[in-house]
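If you want the building blocks of each chain, they are given just below.
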Amino acid sequence: MADHERSCNKLDEFEVVKHRKRRERRKIRPDLLLEQLTIMDSDEVVDIDRIKRRIRHCREDLIASDFFKRIVDTLEKALRCQPRFPVPDTSSSIGQKKGLSADVPRDLDMLVYGLGNFATCHIASYQLALMLALRDQRIVSCDRCDVYDPRFTWWEKQILTDEGCSVIPHNEEGKRLCSRPTLVFMPHCGKALFNNFLWANWKLDVLTNLVILGNSFSSIICSLPLQRLKSYNYIQRIQVFMLEDPVTNNFVHKDIFNDMSIHWFPFSKLQQASLKTWQDTPEPVYDCEELEIILAS
């Protein structure tokens, strides 16, 4: 996590146009967000079009890569294993042309946590590009894409809105219930965020709604001593009921999609759990000294 942040801080070539003279103070409507007021009263103007061009170039790099082809193939396999996920039949002429069959509706949501500040971080830029590319693929074409990161600036929220995403208005700490089939993308997120998300969806008929693309759960479990792992017990408890397929990190930039896996939770495995497994669901509590999550204020 720290390496990821340091890498993001290295990028200083991005999207800010500075003026020599201070602009005159504008008259601001009182209904504007405080964050927007702060930005408009500063010496800096963000070049949104330039950011969008960079994201588009990142997306083109990804789509042309073998990495992207492999991740789409792996996602397709995971989605087909989940009976609630509608997967287009691409064998028909309609499917080949539009990525959809006439009798399979699009009914898939996408939830994204932890993209980071993509206006100033090249890692976050590629993560956003992957999110957009997956969202528009014929296999994972989504009805709705909800996105949240507590570090988003007003400008980044505007770009996401322009891209057709819905920015979640407040910090949920990852505790969002997914009652519909959902592809969850959580790149380089903290352990507590994954643990909170699993807790919020800790029901047999809900976990079968989920396919999670993010940090490898197996790597998290192997890297922590048993005493610390107890704080993230939902990650630990789900291991025997999930399937995990590691993402081959053969993208040209090795520090962007490292240690990622696709996780899904087959009904055949979940139904083997005891009744106590689903009843014993205390809300997670963490030691603040080791917390890797920004808490809601």
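Residues numbered from 1 in each chain as written. Predicted model: local features only at pLDDT ≥ 70, side-chain atom pairs only at ≥ 80, totals over all residues. Heavy atoms only, no water.

Time to look at helix 6 (residues 122–135). Over its 14 residues, helix 6 runs 20 Å from end to end, which matches the ideal 20 Å to within 8%, given 1.5 Å per residue. Most of helix 6 is tucked away, with 13 of its 14 residues classed as buried. (Helix = DSSP H or I, 4+ residues; strand = E, 2+ residues; numbered from the N terminus. Expected span 1.5 Å × (residues − 1). Buried < 20%, exposed > 50% of the residue type's maximum accessible area, 1.4 Å probe, protein only.)

What follows is about the packing of helix 3 (residues 48–63) against helix 6. Closest axis-to-axis distance for the helix 3/helix 6 pair is 8 Å, and the angle between their directions is 65°. When the axis of helix 3 is compared with that of helix 6, the two are roughly perpendicular. Read as a crossing pair, helix 3 and helix 6 show a hand that is right-handed. Listed contacts from helix 6 to Ile55, Cys58, Arg59, Asp61, Leu62 and Ile63 of helix 3 are Ser125, Tyr126, Leu128, Ala129, Leu130, Leu132 and Ala133. For the contact of helix 3 with helix 6, the class distribution of residues is ten nonpolar, one polar and two charged. (Axes fitted to C-alpha atoms, helices over the stretch in contact; angles between N-to-C directions. Parallel < 35°, antiparallel > 145°, perpendicular 65-115°, else oblique. Left-handed = near helix turned anticlockwise from the far one by under 90°. Contact = heavy atoms within 4.5 Å. Nonpolar A, V, L, I, M, F, W, Y, C, P; charged D, E, K, R; others polar.)

Before going further, it helps to spend a moment on the side chain of Thr74. Considering the arrangement of structural elements, one finds Thr74 in helix 4 (residues 66–81). Setting aside chain neighbours within four positions, we find Thr74 in contact with Asp245 and Ile262.

Tallying each qualifying case throughout the model produces ten aromatic pairs. The interplanar angle of 45° and the centroid separation of 5.7 Å between the aromatic rings of Phe67 and Phe251 together place this pair among those described as tilted. Residue Phe67 is located in helix 4, and its partner Phe251 is located in the loop between strand 8 (243–246) and strand 9 (260–264); the two are separated by 184 residues in the primary sequence. Neither residue differs from the other here; Phe67 and Phe251 are each classed as buried. Clustering of aromatic rings is evident, with ring pairs tying together Phe67, Tyr126, Phe251 and Phe257. (Phe/Tyr/Trp six-rings, centres within 6.5 Å; stacked < 30°, edge-to-face > 60°.)

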